[in-house]
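Geometric and topological summary
Below, each chain spelled out in residue letters.
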Amino acid sequence: MEELVALCKRRGFIFQSAEIYGGLQGVYDFGPLGVELKNNLKSAWWQSMVYENDNIEGLDASILTNSLVLDYSGHSDTFTDPMVDCKSCGMRFRADQVPKSCKKEDLTEPRHFNLMFKTNVGPVDDGSSYAYLRPETAQQIFTNFKNIVDSTSTTLPFGIAQIGKAFRNEITPRNFIFRVREFEQMELEYFVAPGNDEDAHNSWVQKRLNWWEKQGVPINTIELYEVPTDELAHYSKRTVDLMYKFPHGLEELEGIANRTDFDLGSHSKKQDELNLHAKVKLNKDSNSKLSIKNNEEGMVVPFVIEPSAGVERGMLAVLNEAFTIEGLPDNKNRIVLKLKPHLAPIKAAVIPLKKNDKKIVDFAQKIKSKLQDLGLGRVIFENTGNIGKSYRKHDEIGTPICITVDFETIENNSVTIRDRDSMQQERVDTEEIENLFMEKIK
Ligand code: GAP
């Protein structure tokens, strides 16, 4: 973990937020390369969910959440962690995360601590006009259910996908970006007819394992954890967690839950007409009946299967798998990030051999523009004049190829292409670069 954290800072992936003021615990900023990696991971998820499934629609809902949403969802009452104080060191911990240095007899009895961030809305701060920063992206998917059904005329089964920020006032944020207070989730709520939920659940577990494999997190690095009944969230009938071997231990990367008809039922009016399976709180505030017509059955409240993944945890897993230290023949080591090309923050670096040679520099810039125009991600022109140093840097940040423009390029239109993983260099005609680039990056 330490080496990874150091690389992330040194190369501009991830910084502690407000570091110049001593930081803000559990909050991170994503630098020039971090934002690219994050966007690429999110875009791979969006592609696999929304673009590859005609029955899945996207949504980008608000972060500020009406408190009624979180009252009826159960978050106001149950979204808590047990917290203890250590009378000896004066620190506060989540009850299951007390360090060994604190003695049992120094700990207070656990108290419930609600993890939601509350904020004031509007100019009057009298305690009555508040909202929450959403603790999960899911809830606004449920509150928009009717809007999406009506505007897309969809039928079961169908899904609504959303990527966005979520906030939790974690008692003990820790392990770099693993457990933080501000993070992003990639969540799908997949609505199915009651009775079809168990098959859909199993199928999503498999699909999500396959997706992680494509992001460079092999299936054999993930263990499936059947969450025991007494540990299930209040809405869940069954949850399967994908547990990944993070540098600090085996922990949850993604949870795939069967949320039954709990959420739609909870946010619906006229609940007594809905034949709900889940036990829900009586809703006196909703103005919408959240059901959908399903063939001959008439109106039903669908069950929901929810694959929910954290973007930061995904990045950590992807970086951890890609991070490699290789011994070289000269007894030196090289650090290389063997990221899947579609996730690499920079797709190619175009490097002129000589910094001050106008012909070489102009040629390199033209290649950069040509490749950039393909729209496959960031291509950079790097005029350091130090090829060895550039190769080392691009190995470390995971750039799949480096293209070197030299004197021969001017004579015969050929460049050197160096592959990040094999370090093999081949001479190719500039006419072939675009095809070769597309081949490597896709
Ligand atoms: N909508 C369901 C839900 O929010 P969750 O298991 O609490 O379920 C889903 O969260 C995913 O969100 C987790 O598997 C994890 O990847 C990510 N996540 C949750 N809390 C997090 C935190 N404090 N920091 C970073 N990621 C977090």
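Quick note: structure is the one above.
This section reports on the structure supplied with the text.

This brings us to the state of the cysteines. Going through the model one piece at a time under the given rule, you end up with zero disulfides. No disulfide involves cysteine 8; its nearest neighbouring cysteine sulfur is the one of cysteine 402, lying 19 Å away. This cysteine, cysteine 89, is not joined by any disulfide, and cysteine 86 carries the nearest cysteine sulfur, 3.6 Å off.

In a beta sheet, neighbouring strands pair by backbone hydrogen bonds and run either parallel or antiparallel. An order of S6-S5-S7 is seen for the three strands of this open sheet, with the pairing classed as antiparallel. Each edge of the open sheet carries a strand with a single partner, namely strand S6 (92–94) and strand S7 (111–114). The mean angle between the axes of side-by-side strands here comes to 45°, regardless of whether they run parallel or antiparallel.

This brings us to the sheet that holds strand S8 (residues 117–120). Spatially, the three strands line up as an open sheet ordered S4-S9-S8, and their pairing is antiparallel. Each end of this open sheet is capped by a strand with a single partner; those strands are strand S4 (64–66) and S8. Averaged over all adjacent pairs, the angle separating strand axes in this sheet is 45°, with direction ignored. In the sheet, S4 pairs with strand S9 (residues 130–133) via three bridges, with the strands oriented antiparallel. Looking across to S9, one finds that threonine 65 is bridged to tyrosine 132.

Moving on, we come to the site of the ligand. Residues in contact with the ligand amount to 20 residues; listed here are only the nearest, Glu136, Arg168, Glu170, Glu187 and Glu252. Taking phenylalanine 178, its main chain carries an N or O atom lying 3.3 Å from a nitrogen atom of the ligand. A distance of 3.0 Å is found between an oxygen atom of the ligand and a side-chain nitrogen or oxygen belonging to glutamine 185. Taken together, the elements giving at least two residues each to the shell around the ligand come down to strand S11 (182–192), strand S14 (249–260) and strand S17 (303–310). Looking at which element gives the most residues to the shell around the ligand, the answer is S14, with five residues. Its residues assigned to classes, the shell around the ligand shows six nonpolar, four polar and ten charged.

Calculation criteria
- Residues numbered from 1 in each chain as written.
- Predicted model: local features only at pLDDT ≥ 70, side-chain atom pairs only at ≥ 80, totals over all residues.
- Heavy atoms only, no water.
- Disulfide = S-S within 2.5 Å.
- Pairing = 2+ DSSP bridges.
- Helix = DSSP H or I, 4+ residues; strand = E, 2+ residues; numbered from the N terminus.
- Axes fitted to C-alpha atoms, helices over the stretch in contact; angles between N-to-C directions.
- Near = heavy atom within 4 Å.
- Polar contact = N/O pair within 3.5 Å; in protein donor to acceptor, adjacent residues only side chain to side chain.
- Nonpolar A, V, L, I, M, F, W, Y, C, P; charged D, E, K, R; others polar.

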